[in-house]
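Understanding the architecture of this molecule
Here's the letter readout for the chains.
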Amino acid sequence: MAKACQVDASHDDGLMRNDGRLSRMLHVLIHMARHNGPMTSETIARMLGTNPVLIRRTMSGLRDAGYVKSEKGHGGGWAIAADLNAVTLLDVHRAVGGPRLFAIGIEHPEPGCQVASVVNEALGDALEEAERLLIARLGSISLAALVETFNDRGGSVGNWLNQRPSQ
């Protein structure tokens, strides 16, 4: 008779929240590429409906990677500092401290459980292959390609730059 396996699910609360840092920062970078001059953390925060402190924290990863620069004082803010052809979606993901690419994982049951061994092997191989494909794809798309696609579609950035901060 097969031995029963014990799986530690204490960390699983049944809720899965998507991490939007990559998509939000790509959004910001496209706006920055089309904007004439630096953009303040307050302006970016207003655009994304978030807090300027969170923007500064996230943008600091992009600054540390050399993709943006920041200037303090009147007329300061964030600006693109890199060739958009040389920066990929994967680069941005890594710079903003993006999480694991997949939330699916394998459990670590009691050692010696043969069922878990078979399941973990199959899932592990599939996840490794999927991650390789996703990394290759993200690494093949430049920020310049996103800006070009946006421009080709006749994109309009809206009027958020002209809005005053809420009081």
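Our structure's up above, just so we're on the same page.
Anyway, here's the lowdown on the structure attached to this text.

With that out of the way, let us pick up the nonpolar core. Ranked by internal contacts, the top residues of the largest apolar core, which has 30 residues, are M25, V28, M32, I44, M59, L62 and V92. Of the residues forming this core, the biggest block, seven residues, is contributed by helix α1 (residues 21–34). When near neighbours in sequence (up to four residues on either side) are disregarded, L62 contacts M25, L29, Y67, V68, V92, A95 and V96.

A contiguous nonpolar patch, built from I106, V115, V119 and L123 and spanning about 310 Å² of accessible area, is present on the exposed surface. By the element assignment, V119 lies in helix α5 (residues 114–139).

Turning next to a negative patch on the surface. Among the surface-exposed residues, E121, D125, E128, E129 and E131 lie close enough to one another that they form a single negatively charged patch. Relative to the assigned elements, E129 resides in helix α5.

Of note, S142 is situated in the loop between α5 and α6 (143–152). On the basis of relative accessible area, S142 is assigned to the buried category, the value being 13%. Excluding its chain neighbours within four sequence positions, the residues that come into contact with S142 are L84, N85, V87, T88 and L89.

Another point: the pattern of salt bridges. Per the counting criterion, the structure on display carries two salt bridges. Across the salt bridge formed by E42 and R56, the nearest N and O atoms sit 3.4 Å from each other. On the criterion of sequence distance, the pair formed by E42 in helix α2 (residues 41–48) and R56 in helix α3 (residues 52–64) is long-range, its members being 14 residues apart. Taking relative accessible area as the criterion, R56 reaches 35% and is therefore assigned partly exposed. For D64, the salt bridge identified is with R63, shortest N-O distance 4.0 Å. With relative accessibility at 65%, the residue D64 sits in the exposed group. Judged by its relative accessible area of 35%, R63 falls in the partly exposed class.

This part covers the packing of α2 against α3. At their nearest, the axes of α2 and α3 sit 8 Å apart, and the two run at 105° to each other. The angle between α2 and α3 falls in the class roughly perpendicular. For the pair formed by α2 and α3, the contact residues are S41, E42, I44, A45 and L48 on the first element and P52, I55, R56 and M59 on the second.

Criteria and cut-off values
- Residues numbered from 1 in each chain as written.
- Predicted model: local features only at pLDDT ≥ 70, side-chain atom pairs only at ≥ 80, totals over all residues.
- Heavy atoms only, no water.
- Core = buried A, V, L, I, M, F, W, Y, C linked by side-chain atoms within 4.5 Å.
- Buried < 20%, exposed > 50% of the residue type's maximum accessible area, 1.4 Å probe, protein only.
- Helix = DSSP H or I, 4+ residues; strand = E, 2+ residues; numbered from the N terminus.
- Contact = heavy atoms within 4.5 Å.
- Patch = residues over 30% accessible without salt bridge, like charges linked within 9 Å, V, L, I, M, F, W, Y side chains within 5 Å.
- Areas by Shrake-Rupley, 256 points an atom, 1.4 Å probe, with all protein chains shown as cover.
- Salt bridge = Lys/Arg side-chain N within 4 Å of Asp/Glu carboxyl O.
- Lys, Arg positive; Asp, Glu negative; His and termini not counted.
- Charge placed at Lys NZ, Arg CZ, Asp CG, Glu CD.
- Axes fitted to C-alpha atoms, helices over the stretch in contact; angles between N-to-C directions.
- Parallel < 35°, antiparallel > 145°, perpendicular 65-115°, else oblique.

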